[in-house]
Amino acid sequence: MKEKISFMDGGVCAPKGFYAAGMFAGFKKSKKKDLSLVYSEKVCDAAAAYTTNKVKGATLKVTMDHLSDSRARAIITNSGYANTLAPNGVEIALRTCELTGAALGIDPRDVVVCSTGVIGVSPKIEPFEKNIPKLAKAVLDAADGADGGKHYGASYAAEGIMTTDTVKKEAAVEFKLGGKTCRIGAMAKGSGMINPNMATMLVFITTDVDISPRLLRNALKNDINHSLNQISIDGDTSTNDSVVLLANGMAGNKRLESFGEGFHVFAEALNMVTVKLARMIAKDGEGATKLIECRVESAPTDEVAMNIAKTVIRSDLVKTAIFGSDANWGRIMCAVGYAPGNFNTDNVEVVLSSSAGAVTVCDASFAVEFDEDVAKKVLGEDEIIITVNLHDGMADALAFGCDMTYEYVRINGMYRT
């Protein structure tokens, strides 16, 4: 189906009827953008997935309540502090929704509220009171065409949700459903405190596809298990993070109500967006110099394949070896061996590859001779693929991580200061 789907620019503003804005509001010490707003002309069907951490931020609790009816129309996000474990956290989160609703002229319960940054800081309402009206005016002006149709807002909003990220993360695709042009757009933040199972990042996805909430939830749940849940940077699971998917139906396609061809095209398009974001998040890991992609092939089950892929990219010994461009493949096999699940390790092949070439370092679970200089050249690139073939079934999986560097320790040793 991928030939029917193409990448495009525009981020969250690529789908019809979505507008966004971002600005500096004073939550950060720097002058970088730290407040973002995404808005839809129409009320959206909504689906979401949330952190698995038992300690949850105040904004996340409010969002979970607001999305209990599977409806939303706006997303307001601040970066700089997480609004977690703060005595006034829920009060501030609710007031933020009220301010956003009033400025946009919508029901406050149709507002998703998110925060990201330092845990344990008590938030203040004044930056929201001062700046939400400005953001709302920007998106409403865009909706009225006052910006000349230029969607700078998507890029600004993507900047506004960044914390230690070094690059903004956006993606969008276009495809056809029943002859109607449809789009999915997204933005994400994530650089540290990232570990699989829907924790560790903020991802906001917009689409103009008309699709039922039931199918929307199904598509998101199935998709993140093979994309966003397959990321790990440092093994820590955040308290705040979530994925929110909004569908306003403005593409005009016949509403998707069943699991037919149209749904599968939508699911494929969604996966292209989330996998692209997953790779961007992993590559931008705190202090990272290399993206590590683990591809597991010929495993007995999907679960085993996913477990092995995640285990390999989470291994600190693998991560440090990749940082040093050291083809220490025994560390990879060690990680394969302690991955959860039942599988055979007697016929495993390991191949290291990059844009500089490929080298087989293990075959039939035994050492093979390889050129260390070639291997070092392969591992010297900034995107490394570790392929693990079990020759034990037909299931495949991907996982995304990064190397571990001295810079990671420096960043996290001074995160608050």
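Here we come to the packing of aromatic side chains. Counting across every chain of the model gives four aromatic pairs. Summarising the aromatic geometry, the rings of Phe27 and Tyr81 are spaced 5.5 Å apart at their centres and angled 70° between planes, so their arrangement reads as edge-to-face. Here Tyr81 lies in strand 4 (residues 71-81) and Phe27 lies in the loop between strand 2 (18-23) and strand 3 (35-50), a separation of 54 residues in the sequence. On the accessibility criterion, Phe27 (11% relative accessible area) is buried. Judged by centre distance (5.4 Å) and plane angle (90°), the rings of Phe323 and Tyr406 are edge-to-face.

Below, the discussion takes up the pattern of salt bridges. Scanning all chains against the criterion turns up 17 salt bridges. For the salt bridge of Glu159 with Lys33, the shortest nitrogen-to-oxygen distance reads 3.3 Å. Placement of the pair is Glu159 in helix 4 (residues 152-160) and Lys33 in the loop between strand 2 and strand 3, with a sequence separation of 126 residues. In this structure Glu159 comes out as partly exposed when scored by relative accessible area, which is 26%. Sharing partners across several salt bridges, the network here consists of Arg279, Lys283, Glu293, Arg295, Asp382 and Glu383.

Summarising burial for strand 14 (residues 383-389): six of the seven residues are buried, a large majority. Sheet topology note: the strand 11 (residues 349-354)/strand 14 ladder contains five bridges and is antiparallel. Bridging from a neighbouring strand, Leu352 pairs with Ile386 of strand 14.

The first and last C-alpha atoms of helix 7 (residues 302-314) sit 18 Å apart over 13 residues, in line with the 18 Å expected at 1.5 Å per residue. For helix 7, the complete set of buried residues consists of Val304, Ala305, Met306, Asn307, Ile308, Ala309, Lys310, Thr311, Val312 and Ile313. Check the buried side of helix 7 and you find it contacts strand 10 (291-299), helix 8 (316-323), helix 9 (329-337), strand 14 and strand 15 (395-402).

The next point concerns a nonpolar patch on the surface. Where nonpolar side chains cluster on the molecular surface, the patch consists of Val55, Leu85 and Ile119 and spans about 260 Å² of accessible area. Relative to the helices and strands, Leu85 is located in the loop between strand 4 and helix 2 (89-104).

Moving on to the state of the cysteines. Taken as a whole, this structure holds zero disulfides when the rule is applied. Here Cys114 is not disulfide-linked; the sulfur of Cys97 is the nearest cysteine sulfur, at 9.2 Å. For Cys114, a relative accessible area of 5% puts it in the buried group.

With that settled, the discussion passes to the environment of Ile308. Mapped onto the secondary structure, Ile308 falls in helix 7. On the basis of relative accessible area, Ile308 is assigned to the buried category, the value being 0%. Spatially, the C-alpha atoms of Ile308 and Asn78 are 35 Å apart, while their sequence positions differ by 230 residues. In contact with Ile308, not counting residues within four places along its chain, are Val296, Val336, Ala339, Phe343 and Leu390.

In this section: the side chain of Asp223. Its place among the elements puts Asp223 in helix 5 (residues 213-224). On the basis of relative accessibility, which here comes to 6%, the residue Asp223 falls in the buried class. Contact partners of Asp223, with chain neighbours within four places excluded, come to Ala267, Leu270, Asn271 and Thr274.

Glancing now at a negative patch on the surface. Judged by side-chain charge, Asp326, Asp371, Glu372 and Asp373 come together as a negatively charged surface patch. With respect to the helices, strands and loops of the structure, Glu372 is situated in helix 10 (residues 372-379). Glu372 gets classed as partly exposed once you look at its relative accessible area, which sits at 46%.

Before going further, it helps to spend a moment on the sheet that holds strand 10. The six strands lie next to each other as 13-12-11-14-10-15, forming an open sheet whose pairing is mixed. Unpaired on one side and paired on the other, strand 13 (366-367) and strand 15 mark the two borders of the sheet. Against the sheet, helix 6 (residues 261-283) contacts strand 10, strand 14 and strand 15, and its axis sits at roughly 35° relative to strand 15.

The next subject is the nonpolar core. Within soluble globular proteins, side chains that are nonpolar generally end up buried alongside one another. In this structure, Phe175, Ile184, Ile205, Ile211 and Phe266 are the most contacted members of the largest nonpolar core, which totals 42 residues. Elements with a minimum of two residues in this core: strand 3, strand 6 (169-177), strand 7 (180-189), strand 8 (202-207), helix 5, strand 9 (242-247) and helix 6. Looking at this core element by element, the count peaks at 12 residues for helix 6. Residue contacts for Ile211: discarding those within four places in its chain leaves Asp45, Leu216, Ala247, Arg255, Leu256, Phe263 and Phe266. In terms of nonpolar packing, the next biggest core, distinct from the first, is built from 37 residues, Ala335, Phe343, Ile386 and Val388 among them.

Moving on to the side chain of Ser36. By secondary structure assignment, the location of Ser36 is in strand 3. At 2.7 Å, the side chain of Ser36 forms a polar contact with the backbone oxygen of Ala157. Leave out the neighbours within four places in its chain, and Ser36 touches Ala21, Gly22, Ile75, Ile76, Thr77, Leu135, Tyr156, Ala157, Gly160 and Ile161.

Another aspect to go through is the environment of Leu352. Position of Leu352 relative to the elements: it lies in strand 11. Classification of Leu352 by relative accessible area gives buried; the value is 2%. When the C-alpha atoms of Leu352 and Trp329 are compared, they prove to be 8.9 Å apart, with 23 residues separating the residues in sequence. Among residues more than four places away in sequence, those in contact with Leu352 are Ala327, Ile332, Gly357, Ala358, Val359, Val361, Val378, Leu379, Ile385 and Ile386.

Tracing the backbone through its elements, the reader meets Met250 in the loop between strand 9 and helix 6. Since its relative accessible area comes to 15%, Met250 is described here as buried. Put simply, Met250 and Asp210 are 40 residues apart on the chain and 6.9 Å apart in space, counted from C-alpha to C-alpha. Non-local contacts of Met250, meaning those with residues more than four positions away in its chain, are made with Lys16, Gly17, Glu41, Lys42 and Asp208.

Here is what the cut-offs are and how they apply
Residues numbered from 1 in each chain as written. Predicted model: local features only at pLDDT ≥ 70, side-chain atom pairs only at ≥ 80, totals over all residues. Heavy atoms only, no water. Phe/Tyr/Trp six-rings, centres within 6.5 Å; stacked < 30°, edge-to-face > 60°. Helix = DSSP H or I, 4+ residues; strand = E, 2+ residues; numbered from the N terminus. Buried < 20%, exposed > 50% of the residue type's maximum accessible area, 1.4 Å probe, protein only. Salt bridge = Lys/Arg side-chain N within 4 Å of Asp/Glu carboxyl O. Pairing = 2+ DSSP bridges. Expected span 1.5 Å × (residues − 1). Contact = heavy atoms within 4.5 Å. Patch = residues over 30% accessible without salt bridge, like charges linked within 9 Å, V, L, I, M, F, W, Y side chains within 5 Å. Areas by Shrake-Rupley, 256 points an atom, 1.4 Å probe, with all protein chains shown as cover. Disulfide = S-S within 2.5 Å. Lys, Arg positive; Asp, Glu negative; His and termini not counted. Charge placed at Lys NZ, Arg CZ, Asp CG, Glu CD. Axes fitted to C-alpha atoms, helices over the stretch in contact; angles between N-to-C directions. Core = buried A, V, L, I, M, F, W, Y, C linked by side-chain atoms within 4.5 Å. Polar contact = N/O pair within 3.5 Å; in protein donor to acceptor, adjacent residues only side chain to side chain.

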